[in-house]
Amino acid sequence: MRKSAKETEQGTAARVAFGTEVAGFDEELYGAPGPLRARDDYVTSINPQESDAEKQKDDDVDAAFLQSKKPASASITAPQYLIEEAAAASAKLNPQDPFKQFMPKTIAEQQNSYLARGLKRVLSPLRAQHAADASKPAGSRVEQNVANGKPPATPDKPPLPPSTPTAIPSTNRPKRKRRWDVVADTATTVTKTQSEDSNLPPNAVPVPDVLPPSAPSSTKPPIPKATRWDAPIPTTTLGSRSRWDATPGTMSMSQVTKKSRWDKTPMVQAATTAGATPILGAGSSAVNTPFVQNGAVPPELVNASRWQADIEMRNRPITDQELDELLPSDGYTILEPPTSYKPVQTPARLLMKTPAVPQTPLYNLPTESEVARETLGIPVELPDTLKSIQMKPEDYKNFAKVLDKNSKDEDLPAEEQVERKIMRLLLKIKNGTPNVRKVAMRQISEKAREFGAEPLLKQILPLLMSPTLEHQERHLYVKVVDRILHKLGELVRPHVRHILVVIEPMLIDDDYYARVEGREIISNLAKAAGLPTMISTMRPDIDHQDEFVRNTTARAFAVVTSALGIPSMLPFLRAVCGSKKSWEARHTGIKTVQQTAILMGVAVLPHLKELVEIIQSGLLDEQGKVRLITAHALANLAEASAPYGIESFDPVLAPLWQGIRLHRGKTLAAFLKAIGFIIPLMDPEYANHYAREVNSILIREFKSPDEEMKTVVLKVVMQCVSCSGVEPRYVREDLAPEYFRCFWIRRMALDRRNFRGVVDTTLQIAMKIGVSDVLGRLVGDLKDESDPYRRMVLETVENVTDKLGLSDINSALEARLIDGLLFAFQAQGNYNDSGSALRALSVVIRKLDRRAKPYLNQIVGIIKWRLNNKSAKIREHAADLVCKIAEVMKVCGEDALMGHMGTVLFEYLGEEFPDVLGSILRAMKSIVEVIGINDMQPPINELLPRLTPILKNRHEKVQENCIILVGKIANKGAHFVSPKEWMRICFELLELLKAPIKAIRKSAVATFGYIAKAIGPSNVLTTLLNNLKVQERTQRVCTTVAIAIVAETCQPYTVLPSMMNEYRIPELHVQNGILKSLSFLFEYIRDMAGDYIYAVTPMLEDALIDRDLVHRQTACTAVGHLALGVRGLGLEDALIHLLNHVWPNIFETSPHVINAVISAIQGCAVALGPGPILMYLLQGLFHPARKVRDVYWRIYNGIYIYAQEGLVPSYPSLSTVDIENEDNEVEDDRYERHELFLIV
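The structure presented is a predicted model; accordingly, all values stated were derived computationally and were not measured.

## Structural notes on the nonpolar core
Generally speaking, soluble globular proteins have nonpolar side chains that are buried together.
Then comes step 1: By size, the foremost hydrophobic cluster in this structure holds 307 residues, and its most contacted members are Leu947 and Trp982.
Then comes step 2: The leading source of residues in this core is helix H50 (residues 1151–1168), at 11 residues.
Then comes step 3: In this structure Trp982 touches Leu944, Val966, Ile969, Ala970, Ala974, Val977, Ile1011 and Ile1015, once residues within four positions along its chain are discounted.

Shown next as structure tokens:
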């Protein structure tokens, strides 16, 4: 009987809502309202009379269930929907962390679902299974079966084929019995109900569990038997009362029912006790969230648990004993509580309840190193060798064996000692400082063969599969693998499979550098293991069911092909691509050819014919995916071999032309792409014929809604139009009208890839049919309402005009073009930062040249109006337009108009936005360059004082343009400004010599030289020499550069006397500054240094024998620049004298000093030749001390690389002379060397 609608509404209102969704009630508990669910099979009553036997069975079943559980896992669970609701409520109460976007993300967090499959591949154990893996045949599929959820193959049972359904073996552990499943004694079997099968939905109808008809049955089918719910309710008697209807305290002893476990007093549960209500005592671990034992613990959970444990430990109450330890007992009195104080009395009934939280244990003052460490498995103190390393939460789990300070390696077996050594080195490489990491990397590389391949890879490969791995950590681990592969060589052959499982996913990573590293690792692995090992290892993955595995395997084979050569792989590729058993194998082989073409490029040309013959059968394959990948492979081969190799593609032309008439969709797009890359390889007459044939298909596909098809069609059209054999008339009459109608629409401008394809294809069409035809079709769209579409038109106009010019357009089209560009320039808002209208308008004005004169007044009026706009971006574009058309205005004779614009821009020098101010300064610089200093408006004496404060602006754009403008004025019109004003500008420029931008530094150097030349070097030099005495190093360096600039601009003789006189001051900063100025000076003046070498030699000699290292370092740098400048001037005597003072410094240990010394010796080798330097080297090349030999051989190697042919005449004679000793024995170990050799 169904309830009425009114009764249903009343029942719905009376129900109680659970969780955060307070708008409704829990339908899983109450059921859906109304007639949505049938309730005929629901139990509507409970038997009030429960027999003692049934109660005993209930207790026994529950006790057995509790006994089967692990005692330590006393946790509380909840239904999944309640957990999800709690998580949703927590997300509402706790908003997202605002700094989460700035936190470094792991690789697993950045990968999509496809790339995440790489972490799910099975990495079999490395220790016990290497021998078994090495002895198995090449086609073993153990790991593939495990990855697919199939049981591994045993010796008696071969692996199942991919298409065979696998049955998961059931375990013998009995399912948990529920008290509702207990039946009477007369029952023999139980019908499988919904409550037993957890896989059924809550509202599913119970179905008997019977075997399928085809399956043999050795047991009799279960006979349904009525349960206790179907039995009639017996009459209640006093002798057998149920505990549900018992009245407390009114029964006699004969009427008391058997005690139940629910009536017992809660007690502390022991480790093995079950049946009593568990109570959580002090020190119980059940209050903590149980940690997942298998798998990595998330770092967030570790940090949260550590923080919670630390807070709980700090907030425990302090006992009297601890207070006595903190405070002295003398002088303090324990206060008595007030008489009115009444403590809270807890009723006895509340004390009898089962406590929900553990009792607070006594508090112990923790030591600094013990807080929250032992509870989380973190060692109290790290070993001495790892104390300086920064640890991460996951490191405590991955490197737990080496973090215990008390463990000694001497007590462990040799294998464990090697394992711990490797773990320590990996931890230093991962988290150590650069110096520590470098030392650890060198140690693990040098000892790779000593450690062995198995222990190394056992530690490294699982770390590379960690879900908490970051990009920098992966880079370091991959570098370790690369280093040890070089050392291990053939020892890695048993472990190739495990390395590939980890490295192959890197070949499809989003990060470019990760892909490069993956290719390098696989390439080195192939060279170390050999081609047979690589093929036998990766052969099982060729026809794998998972597309991810096949994809990475094909890319790995392509890397192996590029490393070992295409000829060695051709037989294997021919066999795989011709496989008859599996289309997956053919697909993987053809994809390998495609990836090889992408990797090797033009290197496939010698083997192009064989590669095309191998994959040509894929065009007619019965499997669509094989045809698709074959067409893509042919396209990549044609692209790699362009413009050669058309003879190799003759066998595939017929199948390709047949395919474009038979296929549709993605396959047609792939075939068109292949044809588009093959047509440019043909001779002009053949290209014209085939282009006409394929254009009918292209025009039909112009209307395709598929975005991928549009991209391919645009590419093919561009390639066909670019062929020299295609006639312009055919493109203009047959192809262009339909092309512009279908592709020049607003929707094409919304997709960035199609946007670029349309612009490039239109440019190729314009190069074929001319500018006027294309611009005539596009000029009307410059006033379109859609901003993205208008931007696409502007970019096309810019590219076409810049490439082809505007010489063939008439005056009417010219006027329409300028009108449309001005409209687009004014229509772009402040949100458009691309500047496409600005670039297009400036290119068109520049190409029009003198023909643009009628439009200049209108353009200047628009610029003046837009300079007053409230948008900073609009004002910036207006000022940039002045800069771009200044030269055209000069050609058109509009000097007065430019002078007027200079006055207008002068009024806007108070602009507050630095980008706009920089553009205004650039425009004024262009006007000054074009019309000259004398005709500049406003006058220079008014303009320069306004520019001086702007030099203090620290914006890069403002600094660069202001310095260049001041330099132009100083170079051409210095006489308009007083010397005092120029001196003030010099001090401002001195600070800009240390700017981080090279362009700013170069501009400041040039401007400083112009100013020094304008006002004379004396005043400037006095100020600069005084600046050498300041303490700030950057200012002293800038001063030395400025002194060298002044010397270069005003001739060195005006500066050198003052510098040499200043060197006499016994002050370290001043002398170092003079030497550095000399270094810059000789670098700037080059061959002019020959006039001053004898004057500065005594000063350099004094510096080269000074005790201060910096003195000698700077002097060596100056000697190097001096020697390079005087090469070929006949000043070898002075250079040899200086070289004699430089040479004793070759044994210095400071890196900066030794680099300066080597630089000076190399400069002297250029000026003197390699022969004299060899005379210095021969005395130490074979010295018994290694440190001496290392320095001499380093210098010799540099000289040998520089001028090895110049060393031949200077080598000593090695012809032996037979000399008889006193015993008449001939000695042949003496060499002939005359005094003449020392001169020659």
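From this point, things continue past the structure.
## Some words on a nonpolar patch on the surface
Then comes step 1: A contiguous nonpolar surface patch, about 480 Å² in accessible area, is contributed by Ile318, Leu323, Leu326, Leu327 and Tyr332.
Then comes step 2: Structurally, the position occupied by Leu327 is in the loop between helix H9 (320–326) and helix H10 (348–351).
Then comes step 3: For Leu327, a relative accessible area of 41% translates into the label partly exposed.

## Observations concerning the state of the cysteines
Then comes step 1: Across all of its chains, the model carries 0 disulfides by this definition.
Then comes step 2: Cysteine Cys720 shares no disulfide, and the gap to the nearest cysteine sulfur, in Cys723, comes to 6.0 Å.

## Structural notes on the pattern of salt bridges
Then comes step 1: The final tally for this structure, using the stated rule, is 38 salt bridges.
Then comes step 2: A salt bridge links Lys430 to Asp395; its shortest N-O distance comes to 2.9 Å. Here Lys430 is found in helix H12 (residues 414–431), whereas its partner Asp395 is found in helix H11 (residues 395–398), with 35 residues between them in sequence.
Then comes step 3: Taking relative accessible area as the criterion, Lys430 reaches 8% and is therefore assigned buried.
Then comes step 4: Salt bridges here are not isolated pairs; linked through shared partners, they connect Lys392, Asp395, Lys430, Glu470 and Glu473.

## As for the environment of Ile765
Then comes step 1: Summarising the element assignment, Ile765 is placed in helix H30 (residues 752–769).
Then comes step 2: A sequence separation of 44 residues divides Ile765 from Val721, and the C-alpha atoms of the two residues are 6.5 Å apart.
Then comes step 3: If near-sequence neighbours (up to four positions away) are discounted, Ile765 is found in contact with Val721, Val731, Tyr739, Gly770 and Val774.

## Section: the packing of helix H22 (residues 583–600) against helix H24 (residues 624–641)
Then comes step 1: Between H22 and H24, the least distance of the axes is 8 Å, while the angle of their chain directions is 15 degrees. With respect to each other, H22 and H24 are oriented roughly parallel. H24 is crossed by H22, and the crossing has left-handed handedness. Taken together, the residues of H24 that come into contact with H22 (itself represented by Trp583, His587, Ile590, Lys591, Val593, Gln594, Ala597 and Ile598) are Lys625, Val626, Ile629, Thr630, His632, Ala633, Asn636, Leu637 and Ala640.
Then comes step 2: A class-by-class count of the residues in the contact of H22 with H24 yields 10 nonpolar, 5 polar and 2 charged.

## A word on the packing of aromatic side chains
Then comes step 1: On inspection of all chains with the given rule, the structure shows 15 aromatic pairs.
Then comes step 2: Ring plane angle 15 degrees and centroid distance 6.5 Å describe the contact between Phe740 and Trp744, whose orientation is recorded as stacked.
Then comes step 3: You can call Phe740 buried: its relative accessible area is 9%.
Then comes step 4: Take Trp744: its relative accessible area is 7%, and that puts it in the buried class.
Then comes step 5: A centroid spacing of 5.1 Å and a plane angle of 40 degrees characterise the contact between Trp1143 and Tyr1176, whose relative ring orientation is tilted. Residue Trp1143 is found in the loop between helix H49 (1132–1142) and H50, and its partner Tyr1176 is found in helix H51 (residues 1170–1177); the two are separated by 33 residues along the sequence. Comparing Trp1143 with Tyr1176 shows no difference in burial state: the two are buried.
Then comes step 6: Within the aromatic cluster, the residues linked to one another by ring pairs are Phe702, Tyr739, Phe740, Phe743, Trp744 and Tyr789.
Then comes step 7: Residue placement shows Arg692 over the ring face of Tyr730; its charged tip is 4.2 Å from the ring centre.
Then comes step 8: If you follow Arg946 out to its NZ or CZ, it ends over the ring of Phe906, 5.0 Å from the centre.

Rules and cut-offs
Starting from 1, residues in each chain are numbered consecutively following that chain's sequence as written. Given that the model is predicted, a residue must reach a pLDDT of at least 70 before its local features are reported, and side-chain atom pairs must reach 80 or more before they are shown or counted; all residues, however, enter totals for whole chains, interfaces and linings. The basis for every side-chain value is the complete set of heavy atoms in the structure, and neither hydrogens nor water enter the calculation. What we call a nonpolar core is a set of buried Ala, Val, Leu, Ile, Met, Phe, Trp, Tyr and Cys residues that are connected through their side-chain atoms within 4.5 Å. Summary of the burial criterion: residues with accessible area below 20% of their type's maximum are buried, those above 50% are exposed, and those between are partly exposed, where the area comes from a 1.4 Å probe applied to protein chains only. Per the convention used, a helix needs a DSSP run of H or I reaching at least four residues, while a strand needs a run of E reaching at least two, with both numbered from the N terminus. Contacts: residue pairs with any heavy atoms within 4.5 Å of one another. Nonpolar side chains (Val, Leu, Ile, Met, Phe, Trp, Tyr) are joined into patches within 5 Å and like charges within 9 Å, using only residues with over 30% relative accessible area and no salt bridge. Accessible areas in this description were obtained via Shrake-Rupley with a 1.4 Å probe; residue shielding takes into account the shown protein chains only. Whenever a carboxyl oxygen of Asp or Glu lies within 4 Å of a side-chain nitrogen of Lys or Arg, that contact is scored as a salt bridge. Whenever a pair of cysteine sulfur atoms sits within 2.5 Å, that pair is classed as a disulfide. Under this scheme, a helix contributes an axis fitted over its contacting stretch, all axes are lines through C-alpha atoms, and angles between N-to-C directions fall in the 0 to 180 degree range. Each angle gets one of four labels, with under 35 degrees taken as roughly parallel, over 145 as roughly antiparallel, 65 to 115 as roughly perpendicular, and the rest as oblique. Should the near helix be turned anticlockwise from the far one by less than a right angle, the crossing is termed left-handed; should it be turned clockwise, right-handed. In this count, Pro and Cys sit with the nonpolar residues alongside Ala, Val, Leu, Ile, Met, Phe, Trp and Tyr, while Asp, Glu, Lys and Arg are called charged and the others, Gly among them, polar. Two rings from Phe, Tyr or Trp (for Trp, the six-membered ring) form a pair when their centres sit within 6.5 Å of each other. Planes less than 30 degrees apart are called stacked, planes more than 60 degrees apart edge-to-face, and all others tilted. Working rule: Lys NZ or Arg CZ, within 6 Å of ring centre, within 35 degrees of ring normal, means a charge sits over the ring.

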